[in-house]
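Chains, contacts and geometry: an overview
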Amino acid sequence: RLGSQFVQPAYALAPSARASARCASVYTNRTVMCQAASVAAPETVPATYPNVTPHIADRAQYEQLYQRSVTDPDGFWGDMAEQFHWQRKWDDKHVSYNFDVRQGPISVEWYKGGVTNICYNALDRHVAAGNGDVPAFLWEGNDVGRDKTMTYAEVLDDVCRLANWLRSVGVQKGDAVAIYMPMLCELPIAMLACARIGAVHSVVFGGFSAEALAGRIEDCQARVLLTASGVMRANKKIDLKKIADDAVKLCAKNNFKVETCLVYDNANAMPRSECAFTPGRDVWWQDAVADFPTTAEVEWVDSEHPLFLLYTSGSTGKPKGVLHSTGGYMVYNATTTKYAFNLSPGDVYWCTADCGWITGHSYLTYGPLLNGATNVVFEGVPTYPDAGRCWEVVDKYKVKQFYTAPTAIRSLMRSGDSHVQKHKRDSLQILGTVGEPINPEAWRWYHDVVGDGRCPVVDTWWQTETGGHMILPLPNVWQQKPGSATLPFFGVVPVLLDEKGNELKGEAEGYLCIKNAWPSTLRTVYGDHERYETNYFKPFPGYYFTGDGAKRDADAYYWITGRVDDVINVSGHRIGTAEVESALVGHNHCAEAAVVGFEHPIKGQGIYAYVTLMEGVEYSEDIRKDLIKAVRNTIGAFAAPDVIHWAPGLPKTRSGKIMRRVLRKIAAKEEDQLGDVSTLADPGVVQQLVASRQAAL
Ligand code: PRX
């Protein structure tokens with residue numbers, strides 16, 4: 001096992017950030033076998049699906065296109081961009097990038113010389129082609145029976161009104177705008193309105209706390225915040241305006257002023273009469289925006305103009321503002337959407353993600369609209385009012401492509417087949433998954449029960465940073481294997497490296513890196529290009545490092561094994577253990593905290609927190625609740641630890657580094673597989689932790 005040696009000089013930026021947060025953890029990444037590996041033969045699945053006629057005829061055609069995409073990126077991606085409107089065309093040689101820190105700063109440029117606008121391409125282009133009456137959004141509310149349809153022309157009208165309002169409050173090209181909204185049509189509309197005027201949207205998931213929202217607003221200096229009064233999620237009312245108000249107050253404490261808050265009165269969940277209102281700063285959306293004209297000039301931008309920021313968790317420090325730019329993101333996004341879901345204009349497509357995450361950006365807002373599809377926008381949750389809701393909605397709108405996360409599949413699977421089988425689902429053709437490895441059992445259930453064996457399962461591996469799908473089975477183009485994301489998309493060259501950065505050939509397991517730039521490569525970490533280089537390009541010079549481990553089998557299929565850094569994936573939500581630790585040690589009774597992931601039957605991974613209290617403080621149920629509250633308040637409820645383990649001491653080496661490997665094994669109840677613990681300063685700590693695990697709640 002070689003992976004524990006994976007502490008490379010350039011990657012060891014952690015100590016100062018960690019030390020300042022009084023966190024106990026250090027880099028000792030998950031062990032990865034960097035060597036030849038064989039993968040067990042999977043169960044068989046149908047080779048062909050008679051219902052699905054793919055855009056690409058077969059594997060041979062894929063191979064041919066793939067070869068061109070990697071040997072002639074200028075030509076291949078130039079062809080893919082032709083369908084869009086460009087105010088000025090890109091240069092013949094439009095691709096340039098440097099992925100090697102030894103050769104100078106990391107840089108990526110796509111469609112050099114080109115000038116375009118993604119909002120124009122997502123909306124105006126379809127309206128101009130006579131498709132204004134095609135539904136763009138089929139909005140399905142939290143409560144059964146609340147719904148609304150918006151055509152492409154209607155969405156364009158609303159986007160223009162809002163774009164005009166944004167301009168009226170002084171938002172200019174390049175300014176960041178924060179969006180903290182529930183899943184109303186107004187959320188993607190807000191994103192598109194920003195794009196129309198060249199403003200950079202920064203959407204913050206509605207489950208984040210006031211503190212997390214404030215940190216994101218301050219980081220990108222957003223002077224305008226778009227939010228809503230509140231929202232119902234299943235039976236729970238969420239007071240978004242109150243959280244937004246608290247965030248704005250926190251910003252003010254740090255001398256940053258949010259000048260304008262546009263608040264959508266989501267009266268069904270929380271009427272405006274129930275909300276606090278700050279005159280001079282707050283404006284009701286319905287009052288302020290309605291009277292603006294339904295046309296708004298398009299801001300034509302260079303291909304590399306920033307489109308959006310999306311904050312995501314890493315191994316260290318605070319979340320990073322991943323920046324995506326316009327042209328490359330647009331073309332890559334539209335192309336992946338088309339081929340992954342075998343999408344054609346007018347198809348009714350449903351992605352259950354929230355726009356607060358990258359999936360909601362790429363495969364709810366931009367990708368489907370760029371392809372002229374009809375998008376289901378769902379405000380609720382898959383299990384409300386019962387576990388049949390998704391299939392009821394599929395039948396209601398005749399959904400053809402359905403895209404969700406393994407955690408949702410596992411939770412619906414647990415509720416039993418009858419919820420699925422009482423609905424017809426005969427419109428379904430493609431089933432997609434994203435966000436975490438899908439276990440073969442859940443894959444099987446999705447394929448056999450939800451899809452009745454008629455629909456290929458598209459397991460899409462990608463990341464916030466990649467902007468679009470990277471490894472996935474193109475439906476009905478090649479044979480699937482349950483649990484494998486299979487082969488790379490056009491233009492993507494994945495490699496597996498050993499801990500020294502050598503490329504492994506053939507069947508192997510190693511660190512998953514990407515050798516070349518693809519059009520929607522993240523361009524920087526907002527305001528911190530050095531962190532961008534350190535995180536993604538210094539661990540293995542010459543490559544983009546994904547943070548994931550993977551295996552490659554004899555058919556060259558990729559099997560993602562999960563994160564190899566200190567990031568855990570809870571219900572498809574990416575959480576940095578350092579962030580949770582920082583929240584825990586922020587509690588004044590907590591001396592030290594170390595957080596690891598553990599296998600969870602529904603969430604994929606759960607959060608297991610080892611906590612050492614200050615001298616003289618007794619562990620109690622009240623303190624446990626308080627510690628969980630500290631995490632909820634600092635990050636959000638979705639990051640609350642599942643287990644708090646009171647640890648009188650943590651397993652440290654003589655140099656003071658915590659052996660996280662040991663903590664993971666104890667959390668997994670695998671203390672018989674601890675490996676070498678001879679370098680621990682006090683090996684007795686391990687037995688103490690095993691003994692005290694019973695008390696972990
Ligand atoms: O570990 C991989 C996992 O999710 C990480 C990216 O998380 P995020 O940036 O939040 O984006 C999630 C939506 C794209 C990856 O590093 N991951 C994502 N999709 C898969 C996956 N792991 C296995 N299989 C997948 N299909």
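Predicted, not measured: the structure shown is a model, and the values here were computed from it. Position labels on residues start from 1 in each chain and follow its written sequence. In keeping with the model being predicted, local features are shown solely for residues with a pLDDT of at least 70 and side-chain atom pairs are shown and tallied solely at 80 or more, while totals for entire chains, interfaces and linings include all residues. For side-chain calculations, the full set of non-hydrogen atoms in the structure is used, while hydrogens and water are omitted.

Further remarks concern helix α5 (residues 152–168). Secondary structure elements are taken from DSSP: a helix is a run of H or I of four residues or more, a strand is a run of E of two residues or more, and numbering for both begins at the N terminus. Under the convention used throughout, the expected extent of a helix is 1.5 Å for every residue step, that is, one less than its residue count. Look at α5: 24 Å from first C-alpha to last across 17 residues, which is about the 24 Å you get at 1.5 Å a residue. Burial status follows relative accessibility: with a 1.4 Å probe on protein chains alone, a residue under 20% of its type maximum counts as buried, one over 50% as exposed, and anything between as partly exposed. Residues of α5 that are buried: Tyr152, Val155, Leu156, Val159, Cys160, Leu162, Ala163, Asn164, Trp165 and Leu166. Within two residues after α5, Gly170 carries a phi angle of roughly 95°, on the positive side.

Turning next to the UniProt feature "domain: Acetyl-coenzyme A synthetase N-terminal" (unreviewed entry) in the protein. Within the UniProt annotation, "domain: Acetyl-coenzyme A synthetase N-terminal" (unreviewed entry) is assigned to residues 62–122. In residues 62–122, helix accounts for 39% and strand for 18%; the two terminal C-alpha atoms are 27 Å from one another. UniProt positions are given in the numbering used here, feature names are shortened, and annotations may be inferred rather than shown by experiment.

Our focus in this paragraph is the UniProt feature "domain: AMP-dependent synthetase/ligase" (unreviewed entry) in the protein. Under the local residue numbering, the UniProt record ascribes the feature "domain: AMP-dependent synthetase/ligase" (unreviewed entry) to residues 126–517. Overall, residues 126–517 shows 32% helix and 23% strand. The separation of its end C-alpha atoms is 30 Å.

Once that is clear, we can look at the site of the ligand. Looking at the ligand, there are 17 residues lining it, with Asp459, Thr460, Thr464, Asp548 and Arg574 nearest. Separating a nitrogen atom of the ligand from a backbone N or O atom of Glu436 is a distance of 3.4 Å. Taken by itself the ligand offers 540 Å² of open surface, and the protein chains cover 96% of this. Within the residue set of the shell around the ligand, elements represented by two or more residues are α11 (358–370), β21 (457–460) and β27 (558–563). Residue polarity follows a fixed list, in which Ala, Val, Leu, Ile, Met, Phe, Trp, Tyr, Cys and Pro are nonpolar, Asp, Glu, Lys and Arg are charged, and the others, Gly among them, are polar. Of the residues assigned to the shell around the ligand, the class counts are six nonpolar, six polar and five charged. Put simply, a residue is near a molecule or strand once any heavy atom of it comes within 4 Å of that molecule or strand. Polar contacts, as counted here, are pairs of nitrogen or oxygen atoms within 3.5 Å of one another; within protein the pair requires one atom able to donate a hydrogen and one able to accept it, and residues that are adjacent in sequence qualify only if both atoms are side-chain atoms. Working definition of accessibility: Shrake-Rupley area with a 1.4 Å probe, residue cover restricted to the visible protein chains.

Locating Asn98 in the fold gives a position in strand β2 (residues 96–98). In this structure the side chain of Asn98 is engaged in a polar contact, spanning 2.9 Å, whose partner is the backbone nitrogen of Asp100. It only takes one pair of heavy atoms within 4.5 Å for two residues to be counted as in contact. Ignoring any residue separated from it by four or fewer positions in sequence, one finds Asn98 in contact with Gln103, Gly104, Pro105, Ile106 and Ser107.

Of all hydrophobic cores here, the largest spans 177 residues; its most connected members are Leu162, Leu166, Leu226 and Leu584. Here this core takes nine residues from α5, the largest share from any one element. When near neighbours in sequence (up to four residues on either side) are disregarded, Leu584 contacts Cys590, Ala593, Val595, Ala609, Val611, Leu627, Val631 and Ile644. Definition used in this section: a nonpolar core is a set of buried Ala, Val, Leu, Ile, Met, Phe, Trp, Tyr and Cys residues joined via side-chain atoms within 4.5 Å. Membership of the second largest hydrophobic core comes to 29 residues, among which are Val394, Leu412, Met413 and Leu431.

Let us now look at the pattern of salt bridges. Think of it this way: side chains of opposite charge can pair up when their charged atoms draw near. A side-chain nitrogen of Lys or Arg and a carboxyl oxygen of Asp or Glu constitute a salt bridge if their distance falls within 4 Å. Counted by the stated rule, this structure contains 44 salt bridges. Glu274 serves as the salt-bridge partner of Lys237, at 3.5 Å between the closest nitrogen and oxygen. Note that Lys237 is positioned in strand β11 (residues 236–238) and Glu274 in the loop between β12 (260–264) and β13 (282–284), a separation of 37 residues in sequence. Between Asp555 and Lys481 there is a salt bridge, with the nearest N and O atoms lying 2.7 Å from each other. You can see Asp555 sitting in the loop between β26 (544–552) and β27 and its partner Lys481 sitting in the loop between β21 and β22 (494–497), a full 74 residues away along the chain. Lys481 gets classed as buried once you look at its relative accessible area, which sits at 10%. Each of the salt bridges in this network shares a partner with another, and the network as a whole consists of Glu140, Asp147, Arg389 and Lys396.

With that settled, the discussion passes to the sheet that holds strand β23 (residues 503–504). By definition, two strands form a pair when at least two bridges between them are found by DSSP. The antiparallel open sheet is built from five strands, whose spatial order is β23-β22-β24-β26-β27. Here the strands that pair on one side only, and so sit at the sheet edges, are β23 and β27. Bridge count for β22 against strand β24 (residues 508–514) is four bridges, and the pairing is antiparallel. Each residue of the ladder has a partner; that of Pro494, found in β24, is Ile514.

Once that is clear, we can look at empty space enclosed by the protein. Only protein atoms enter the 1 Å grid used here, on which a cavity is any set of points holding a 1.4 Å probe that cannot leave and a pocket is any open set flanked by protein within 12 Å on both sides along at least five of seven lines; residues with an atom within 4 Å of a point are listed as lining. Grid points are joined across faces, edges and corners, and a volume is the space filled by probe spheres set on the points. For the structure on display, the rule yields five cavities of 30 Å³ or more. Taken as a whole, the largest cavity spans an internal volume of roughly 80 Å³. Elements with a minimum of two residues in the lining of the largest cavity: α16 (529–537) and β26. In terms of residue count, β26 provides more of the lining of the largest cavity than any other element does, three residues in total. Tallied by class, the residues present in the lining of the largest cavity amount to three nonpolar, five polar and five charged. Its boundaries defined by the atoms lining it, the second largest cavity holds a volume of some 50 Å³. Lining the second largest cavity we find Asn117, Ile118, Ala195, Gly198, Ala199, Val301, His305, Pro306, Leu307 and Thr326.

Residue placement: Thr561 occurs in strand β27. Once the C-alpha coordinates of Thr561 and Leu512 are considered, the two residues, 49 residues apart in sequence, prove to be 9.7 Å apart. Within the local environment of Thr561, its side chain forms a polar contact with the backbone nitrogen of Ala550, the two atoms lying 3.5 Å apart.

This next bit is on the pairing of β27. Taken residue by residue, a regular strand's side chains alternate between the two faces of the sheet. Burial analysis of β27 places five of its six residues in the buried class, which makes it a mostly covered element. Bridging between β26 and β27 involves five bridges; their strand directions are antiparallel. Pairing of Arg552 across the sheet is with Tyr558, part of β27. Counting the residues in the hairpin turn of β26 and β27 gives five residues, including Ala556, whose phi is positive at 70°.

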